[in-house]
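# Examining the three-dimensional arrangement
Each chain, written out:
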Amino acid sequence: MSTNHTLLAPRLLLALSLAAPLVALADTANPPANLADWQCTGQCGSSGVDGDIGLSPLGNAAYGYVTTHGSMAFGTSPLALPANSRGNGTENNGSVFVSSSFQAAAGSQLNVQFNYISTDGKNYDDYGWARLLNASDNSLVAWLFTAQSNNSGSGKIVPGDVVTKAEFDPDDTIVDFDKFSFNTRNASNPVDWSLLGYSNGACWKENAEGCGFTGWLQSSVTIAAAGSYKLEIGVVNWGDSAYDSGLAFDYSGLTPAPLPVPEPGALVLMLSGLAGLGFMAARRRDGGR
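First, a word on what this report is: a plain description of the structure on this page. (Residues numbered from 1 in each chain as written. Predicted model: local features only at pLDDT ≥ 70, side-chain atom pairs only at ≥ 80, totals over all residues. Heavy atoms only, no water.)

### Thoughts on the nonpolar core
Formed by 31 residues in total, the largest nonpolar core has its most connected members in Phe114, Leu132, Leu144 and Ile233. When residues of this core are traced back to their parent elements, those giving at least two are strand 7 (102-104), strand 8 (109-118), strand 9 (127-134), strand 10 (140-148), strand 13 (217-223), strand 14 (227-238) and strand 15 (245-255). Residue contributions to this core peak at five residues, all from strand 10. Ignoring anything within four residues of it in the chain, the contact list for Ile233 reads Trp38, Val66, Ser95, Val96, Phe97, Phe114, Trp129, Ala130, Leu247 and Phe249. Ranked by size, the runner-up nonpolar core spans eleven residues in total, among them Leu195, Leu196, Phe213 and Ala248. (Core = buried A, V, L, I, M, F, W, Y, C linked by side-chain atoms within 4.5 Å. Buried < 20%, exposed > 50% of the residue type's maximum accessible area, 1.4 Å probe, protein only. Helix = DSSP H or I, 4+ residues; strand = E, 2+ residues; numbered from the N terminus. Contact = heavy atoms within 4.5 Å.)

### A closer look at the pairing of strand 15
Buried residues dominate strand 15, accounting for ten of its eleven residues. Where strand 4 (residues 63-67) meets strand 15, four bridges bridge the pair, whose relative direction is antiparallel. Within the sheet, the bridge partner assigned to Val66 lies in strand 15 and is Leu247. Pairing of strand 8 with strand 15, which is carried by nine bridges, proceeds in the antiparallel orientation. The residue bridging Ser118 from the neighbouring strand is Ser245, located in strand 15. (Pairing = 2+ DSSP bridges.)

### Concerning the state of the cysteines
According to the stated counting rule, one finds two disulfides in the structure shown. With its sulfur 2.1 Å from that of its partner, Cys40 forms a disulfide with Cys44. Judged by the sign of its S-S torsion, about 80 degrees, the cystine formed by Cys40 and Cys44 is right-handed. Given the relative accessible area of 17%, Cys44 is considered buried. Note that Cys203 is cross-linked by a disulfide to Cys211, the S-S spacing being 2.1 Å. (Disulfide = S-S within 2.5 Å.)

### A few points about the environment of Trp238
With respect to the helices, strands and loops of the structure, Trp238 is situated in strand 14. Separated by 114 residues in sequence, Trp238 and Tyr124 place their C-alpha atoms 5.5 Å apart.

### A look at the packing of aromatic side chains
Scanning all chains against the criterion turns up nine aromatic pairs. Ring centres 6.1 Å apart and planes at 45 degrees place the aromatic pair Tyr127 and Trp129 in the tilted group. By the ring-pair criterion, three or more aromatic residues cluster together here, those being Trp38, Phe97, Phe249 and Tyr251. Taking NZ or CZ as reference, Arg131 lies 5.8 Å from the ring centre of Trp143, over its face. (Phe/Tyr/Trp six-rings, centres within 6.5 Å; stacked < 30°, edge-to-face > 60°. Lys NZ or Arg CZ within 6 Å of the ring centre and 35° of its normal.)

Right, dumping it as structure tokens:
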């Protein structure tokens, strides 16, 4: 199943609040906005403005998150890493948040905002990800976002080292993904996000880069075929359980597929028909002369 991806600068979109259950929506194709309907393994939830991490550009009163702080070890939990992830046995602990299934029409677009936050780096390259899954078998439909902490502080965030660029973007539709980097902090000016727990206000090494956050980035995916889907959001503490990381997210639901533009010939026929109707109406007003 093919999809088209774009990674864009943040922009305002129709808001769906993550802070409280929503009333019934007219468009039942939207992913569940009430996070109580999502399945969490590890540490997940919703938050308002918290230190350096403000609300997303969507204008919602809260955002969802996953964090490695206080989460379970991968070796003893039911967490399942993405099949294309690094997956070499050094993932220590993490969290995964999966939506309940939702229906999407062919050509509809899912827009999600992400903000990756980390205090780690230097051979302990934590990472986060987001994927669109087929609800029937949890198979991968499309990557929406990946992010990785690293030693340089540049924040190899899209696609990071979680997947290759070819795996993340097989149609090569993402432009200039290398331009995105951390809002870098260090031990003397650490990132402030209480959901990092004991790691909040810390950095993996004194006066070393690698701690920070990406800021809000929008990822969009156009769904090629009508079907039932899920969103999966995850974060990994890689190599050890120290110096935590997290991924915040917010979304606006699905944008319907655009209406087809008439072919030029069909447009001419339609305009001719309208002109004919106008002529007939004029004749009736003139008594049929």
